[in-house]
Amino acid sequence: MSSEFAVRAMRPGELELVLEWARQEGWNPGLDDSLAFQEADPSGFFIGAVGEVPVGSISVVKYGEHLAFLGLYIVHPDFRGKGYGKALWNAGMASAADRTIGLDGVVAQQENYRKAGFEPAYTTIRYGGIPAVFPQSSLLAHPVSDKLDGLFRYDAAIFTEPRNAFVAAWCKRRRGRKTAIARKSGKIRGYATIRRCYEGYKIGPLFAADTDTAAALLAELLPEAGGEPVFIDVPAENREAIALAESMGLEPVFETARMYRGMAPATPLRNVYGVTTLELG
């Protein structure tokens, strides 16, 4: 490993570079993900650099005092095999202190994560394609308003930790990004975001009390894709979510495992019809 190599906090503009690396790896991030990612935890993003040249990255975003989430673990192909990845990993893991750490591991790396102390909690299957039909629902969903206090509480009950700054930025209406919310008798039953990615659109989170609510959210958001492919990362344990994705004609295209080092949070997977993002949990 070069003596000039060092791990440091990301500087302005470097997260966009890392997301371009992620695109090159085939991870298909959102076009404007960096705006919300930075709000999640400004101290949670690291660059490995040789001198002034960025060669790798890792993020360990902290949610409160008990949970952190690891992602964007990339070493540029031109600099692999030199020990930079291990140094990045060690720095990122240390930044989480004694928090439980989660990640979404691809199949090929899951054994390596096990050796590092991570245990699988559930499998996530990415469903994708051009929807053949839009789901039907007895409910109507609507674009989210600027009053987000209730949404913050709803999100924290399912994600299990508050992430208000991230949710506010994630849900902010921008070109190619829309968030919808569904209520019944004034009570929030679910919410979801669709966002433009390098390929098609991703929907996440898709949190809902039941399939009827999830269908209402999808019916509101799917027109945003304009007939392009749509992708949803669905927990395999939620059979109703799998059935809903398949009812639209979406097919499995990718698989990961949600893994944790430490005590896994008690996520109510029956309410998770789509994971927010594999990079931040």
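Residue indices begin from 1 for each chain and proceed along its sequence in written order. Given that this is a predicted model, residues contribute local features only at a pLDDT of at least 70 and side-chain atom pairs are listed and counted only at 80 or more, while totals for whole chains, interfaces and linings are drawn from all residues. To obtain the side-chain values, all non-hydrogen atoms of the structure were included, while hydrogens and water were left out.

Engineer: Any chance you could break down the side chain of arginine 195 for me, citing the residues and the numbers?
Structural biologist: The numbering of helices and of strands both runs from the N terminus, where a helix is a DSSP run of H or I of at least 4 residues and a strand a run of E of at least 2. With respect to the helices and strands, arginine 195 occurs in strand β9 (residues 187-196). For the purposes of these results, a polar contact is taken to be a pair of N or O atoms within 3.5 Å, where, inside protein, one atom must be able to donate a hydrogen and its partner to accept one; residues adjacent in sequence count only when each atom of the pair is a side-chain atom. A polar contact of 2.8 Å, which involves the side chain of arginine 195, links it to the side chain of aspartate 33. Non-local contacts of arginine 195, meaning those with residues more than four positions away in its chain, are made with Gly30, Asp33, Trp170, Gly176, Arg177, Gly200, Tyr201, Lys202, Thr276 and Thr277. Any two residues having at least one pair of non-hydrogen atoms within 4.5 Å are treated as being in contact.

Engineer: Could you give an account of the domain arrangement of the protein chain, with specific residues and numbers?
Structural biologist: How big an interface is tends to be stated in terms of the accessible area lost upon association of its parts. What marks off one domain from the next here is an automatic or database domain assignment. You can read the domains of the protein chain as domain 1 (5-102) and domain 2 (126-274). Computed from C-alpha atoms alone, the centre-to-centre distance between domain 1 and domain 2 is 25 Å. Contacts between domain 1 and domain 2 engage 24 residues on the former and 24 residues on the latter. For any pair of parts, buried area is found by adding up, for both, the accessible area (1.4 Å probe) each one loses once the two are put together. Looking at the side of domain 1 facing domain 2, the largest losses of area belong to Asn28, Leu31 and Tyr63, adding up to 27% of the total buried there. For this document, the term salt bridge refers to a Lys or Arg side-chain nitrogen within 4 Å of an Asp or Glu carboxyl oxygen. One can count 4 salt bridges joining domain 1 with domain 2. We note a salt bridge from aspartate 33 to arginine 177, for which the minimum N-O separation is 3.2 Å. Summed over the shared surface of domain 1 and domain 2, the number is 12 residue pairs in polar contact (both at pLDDT 80 or more). Of all elements in the fold, only α1 (14-24), α2 (33-40), β4 (67-75) and β5 (100-106) reach the threshold of two or more residues within the side of domain 1 that touches domain 2. When residues of the side of domain 1 that touches domain 2 are assigned to their parent elements, the largest contribution, 6 residues, is made by α2.

Engineer: Please provide a residue-by-residue account of helix α8 (residues 239-247), values included.
Structural biologist: Each residue is assigned to one of three classes by its accessible area relative to the maximum for its type, calculated with a 1.4 Å probe on protein chains only: buried under 20%, partly exposed between the two thresholds, exposed over 50%. Inspection of α8 places Ala241, Ile242, Leu244 and Ala245 among the buried residues, and these make up the whole buried set. The buried residues of α8 occupy one face: seen down the axis, they fall within an arc of 160 degrees. Turning to α8, the residues buried within the fold contact β6 (119-129), α7 (211-221), β11 (230-235) and β13 (272-274). Here, the arc refers to the directions that run from the helix axis to the C-beta atoms.

Engineer: Explain the UniProt feature "domain: N-acetyltransferase" (unreviewed entry) in the protein chain to me, and be specific about the residues and the numbers.
Structural biologist: With numbering matched to this structure, UniProt assigns "domain: N-acetyltransferase" (unreviewed entry) to residues 5-137. Secondary structure within residues 5-137 divides into 28% helix and 37% strand; the distance between the first and last C-alpha atoms comes to 55 Å. UniProt positions are given in the numbering used here, feature names are shortened, and annotations may be inferred rather than shown by experiment.

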